[in-house]
Amino acid sequence: MEAMSENKMVPSDFSTGPMEKAARPLPFKDPNFVHSGHGGAVAGKKNRTWKNLKQILASERALPWQLNDPNYFSIDAPPSFKPAKKYSDVSGLLANYTDPQSKLRFSTIEEFSYIRRLPSDVVTGYLALRKATSIVP
Amino acid sequence: MAVASGAAPAVNVFPFRDVRAAPDPVLEAGPVAHGPLPVPLVLDNGSFQARAGWACPGPDPGPEPRLQFRAVCARGRGGARGGAGPQVGNALGSLEPLRWMLRSPFDRNVPVNLELQELLLDYSFQHLGVSSQGCVDHPIVLTEAVCNPLYSRQMMSELLFECYGIPKVAYGIDSLFSFYHNKPKSLISSGLIISSGYQCTHILPVLEGRLDARNCKRINLGGSQAAVYLQRLLQLKYPGHLAAITLSRTEEILHEHSYIAEDYVEELQKWRCPDYYEDNVHKMQLPFSSKLLGSTLTSEEKQERRQQQLRRLQELNARRREEKLQLDQERLDRLLYVQELLEEGQMDQFHKALMELNMDSPEELQSYIQKLSSAVEQAKQKILQAEVNLEVDVVESKPETPDLEQLEPSLEDVENINDFEPLFSEETPEVEKPVATVQPVFNLAAYHQLFVGTERIRAPEIIFQPSLIGEEQAGVAETLQYVLDRYPKDVQELLVQNVFLTGGNMMYPGMKGRIEKELLEMRPFQSSFQVQLASNPVLDAWYGARDWALDHLDDEDVWITRKEYEEKGGGYLKEHCASNVYVPIRLPKQASRSSEAQASGKGSGASGGGASEQA
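The rules behind these values
- Residues numbered from 1 in each chain as written.
- Chains lettered and ligands numbered in written order.
- Predicted model: local features only at pLDDT ≥ 70, side-chain atom pairs only at ≥ 80, totals over all residues.
- Heavy atoms only, no water.
- Helix = DSSP H or I, 4+ residues; strand = E, 2+ residues; numbered from the N terminus.
- Buried < 20%, exposed > 50% of the residue type's maximum accessible area, 1.4 Å probe, protein only.
- Contact = heavy atoms within 4.5 Å.
- Pairing = 2+ DSSP bridges.
- Axes fitted to C-alpha atoms, helices over the stretch in contact; angles between N-to-C directions.
- Polar contact = N/O pair within 3.5 Å; in protein donor to acceptor, adjacent residues only side chain to side chain.
- Core = buried A, V, L, I, M, F, W, Y, C linked by side-chain atoms within 4.5 Å.
- UniProt positions renumbered as here; feature names shortened; annotations may be inferred.
- Parallel < 35°, antiparallel > 145°, perpendicular 65-115°, else oblique.
- Nonpolar A, V, L, I, M, F, W, Y, C, P; charged D, E, K, R; others polar.
- Phe/Tyr/Trp six-rings, centres within 6.5 Å; stacked < 30°, edge-to-face > 60°.
- Lys NZ or Arg CZ within 6 Å of the ring centre and 35° of its normal.

**A closer look at the overall build of chain B**
From N to C terminus, chain B includes 20 helices and 19 strands. In chain B, buried positions account for 52% of the 615 residues. For chain B, contacts bridging at least 24 residues in sequence account for 71% of all contacts bridging at least 6.

Laid out in structure tokens, this is it:
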């Protein structure tokens, strides 16, 4: 296997910088390697962060896929067709009732009295768990 | 750390194990790694755990993967210290103190932060004993996500080929490797794989040994979402223990105390009944220490403590008085000596001494001597008094208020204890309170227990009913039906004969029964199906990849060599029985900081989206 020094992607001026670790360099890797993805799409000093999954998928969508090609976003499961069952936020049992004041679901009278005594942050917490916090009042 | 519960027979009380990972040793590669051909390295790159090891040929297939560590890294505590650098996986020990500083290269199940991926690879190579200079001289089998985005594969190939100089790479899907391991190798098999990992759950139909990627489906829920859900549920139920309910502890509850109900609604009805609840609730005992609560000290103990403090203070004062007495005595002696000089008539020495002492006349000296001697007398008297009082204190069992009051005026004269005065004045009124307050006795252990009842079935249920956490996607059962409906009936029949469950999130007790029940509901009346769980759902992907590597060592059609990477771009993939489907779309080469120099260095072209030929 030929040595890596000739096949470097980037000249050694860019070897210093955020890539080098303070620890002694490990022998089996090329010490002058720079990730090309780290600069982002723009070759400049501004974009220093990695793309996250959403950005990667957004740019992948723009590529010329055919209709039936499998790709990361085409294999997302479809939304459910069946109506969701309602469970109590407090105990997890089947909930037949909803508290109109806090919109929490409950199944027994004891749970109702428990709900009415909850502090508001706990109430918001339960709703956020179900993603039922409403932005529009 | 964890204190067992009290006197009553404790049913279903479990302490938290709170395991700390031991740091991995740097292993020697050993003779296995240096055969005639370079031995492949198998790396199962998972978002929860990375598993790495050698694929050694030979009669003994080898033990478990040599390295298994959490795929996280974090800087050591105390911010960015110079030398330490980020630590990886098991070198971190316990994850909880660093929870907010943990970084993972993964975003969902795709590695996006290749710098952290580089750290993980460094760690793996270093601890496996890779010692070749300048490059890693072994072929690598690496797992990737189902339908891995081309960008991510490009980044990964770039890292492997350019940074580590790996000769050839094969990418595969972990669930397919696991399938490969569990099926007899002679058969070309078809089946339906349900693979549930840390971040997402896949349903993968395999036809004629090859993945049918167009009909795969992925649900974005897995072990981590279940752990976070369980953590939030417990924190909302026990707001007082918010900090003690850590993610590591909820993962422990999930792994050891949760199960999947075969019929969810029926199981919930069972939990309604209080007896069933009592029998089956798991009370997780949080570690606690009784010293934290001050009210456990009875008031007698408090008094004892105060007495000790008083005694100590008195001794301190006595010592100081004696020292001062000594100093005064010495000074008095010196002055008397000077006075003698005067009386003996040695005027010159007398005057010199006076000047040293900063005094002008013999009368001043005289008055000073008188003051000092009276002070010395007083101090001696006070010491005697204090000793008498101390003896009185020691003889009696409780300090009575008259003693303290007697002490107080004598102590007030001494300047040194001015700071102790407020303490003393505080002490007296409290000592006067009656001692007979009884502390309420309650079971401290019970206060620190988390009752995990229906949460045992609620948390793992989210992959079947994502509406529990507000996700709109369909659950495993409905998606399974959707996938099956995309095939004609005979293919459905074929697929259903071989349903294979794999992945760490499939290890709940009752999972197999649940899948069987769901299949029974959706299949036609009196049709048959077969469900099989992987022999080791967590490690089978690694074992499968190793077996595959050993079987395909000489097969050039499945390894991507460095030359091919350079010619065909980073997104290039060679298909094999356990890989993704390759769609030949050329990604524009990412421009790095010096785009001109790079373009000249590489052989392949750099720009534009490629032609889209059908695969």
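**Considerations on the sheet that holds strand E10 (residues 168-173) of chain B**
Residue and element names in this part refer to chain B. With respect to topology, six strands assemble into an open sheet ordered E4-E3-E2-E9-E10-E19, the strand pairing being mixed. With partners counted over all chains shown, the strands left at the sheet margins are strand E4 (67-70) and strand E19 (560-561), one partner each. Against the sheet, helix H18 (residues 540-551) touches strand E2 (41-45), strand E3 (49-54), strand E9 (140-144) and E10, its axis set at about 150 degrees to E2.

**Brief notes about the side chain of Arg-562 of chain B**
Residue and element names in this part refer to chain B. Inspection of the secondary structure assignment puts Arg-562 in helix H19 (residues 562-568). Its relative accessible area of 8% is what places Arg-562 among the buried residues. Here the side chain of Arg-562 touches Phe-161 through a polar contact of 2.6 Å, landing on its backbone oxygen.

**Looking at the nonpolar core**
All names here are of chain B. Core analysis: the largest hydrophobic core is formed by 66 residues, its most contacted members being Ile-194, Met-511, Ile-515 and Leu-519. Per element, the largest residue contribution to this core is seven residues, and it comes from helix H4 (residues 223-237). Residues within four places of Ile-194 in sequence aside, it is in contact with His-202, Ile-203, Val-476, Leu-480, Val-499, Phe-500, Leu-501, Thr-502, Met-506 and Ile-515. Grouped together as the second largest cluster of nonpolar side chains are 56 residues, Leu-43, Ala-145, Met-155 and Tyr-582 included.

**With respect to the UniProt feature "coiled-coil region" (unreviewed entry) in chain B**
In the numbering used here, UniProt assigns the "coiled-coil region" (unreviewed entry) feature to residues 299-333 of chain B. Between the C-alpha atoms that bound residues 299-333 of chain B there is a distance of 51 Å. The span itself is 100% helix and 0% strand.

**Things to note about the packing of helix H3 (residues 174-182) of chain B against H18 of chain B**
Residues and elements named next belong to chain B. Close contact between H3 and H18 brings their axes to 7 Å; oriented N to C, the two are set at 75 degrees. Comparing their axes, H18 and H3 come out roughly perpendicular. Two secondary-structure elements touch here, H3 through Asp-174, Phe-177, Ser-178, Tyr-180, His-181 and Asn-182 and H18 through Asp-540, Ala-541, Tyr-543, Gly-544, Ala-545, Asp-547, Trp-548 and Asp-551. Classifying every residue of the contact of H3 with H18 by side-chain character gives six nonpolar, four polar and four charged.

**Some thoughts on the environment of Arg-232 of chain B**
Mapped onto the elements, Arg-232 of chain B comes out in helix H4. As a C-alpha pair, Arg-232 of chain B and Leu-242 of chain B span 10 residues in sequence and 9.2 Å in three-dimensional space. Discounting chain neighbours no more than four positions away, the residues touching Arg-232 of chain B are Gly-125 and Leu-129 of chain A. Here Gln-235 of chain B takes part through its side chain, which lies 3.1 Å from a polar atom of the side chain of Arg-232 of chain B.

**A few points about the packing of aromatic side chains**
Counted under the stated rule, the structure contains 14 aromatic pairs over all chains. Centroid distance Phe-106 of chain A to Phe-112 of chain A: 5.0 Å. Interplanar angle 40 degrees. Geometry classified as tilted. Each ring, one from Phe-161 of chain B and one from Tyr-565 of chain B, has its centre 4.8 Å from the other, and the planes form 25 degrees; the classification is stacked. In this pair, Phe-161 of chain B is assigned in helix H2 (residues 150-163) and Tyr-565 of chain B in helix H19, connecting sequence segments 404 residues apart. By relative accessible area, which is 1% here, Phe-161 of chain B ends up buried. Three or more aromatic residues joined by ring pairs make a cluster, and in this case those are Tyr-97, Phe-106 and Phe-112 of chain A. A cation sits over an aromatic face here: Arg-61 of chain A above Phe-73 of chain A, 4.3 Å from the ring centre.

**A short note on the environment of Asn-182 of chain B**
Among the secondary structure elements, Asn-182 of chain B is positioned in helix H3. Sequence-wise, Asn-182 of chain B and Pro-86 of chain B are 96 residues apart; in three dimensions their C-alpha atoms are separated by 37 Å.

**Here we look at the UniProt feature "domain: Vps72/YL1 C-terminal" (unreviewed entry) in chain A**
Taking the UniProt record as the reference, the feature "domain: Vps72/YL1 C-terminal" (unreviewed entry) is found at residues 86-115 of chain A. Between the first and last C-alpha atoms of residues 86-115 of chain A the distance is 16 Å; the span itself is 23% helix and 13% strand.

**Concerning H3 of chain B**
Of all nine residues that make up H3 of chain B, seven are buried, and the element is covered over most of its length. The complete set of buried residues in H3 of chain B reads Ser-175, Leu-176, Phe-177, Ser-178, Phe-179, Tyr-180 and Asn-182 of chain B.

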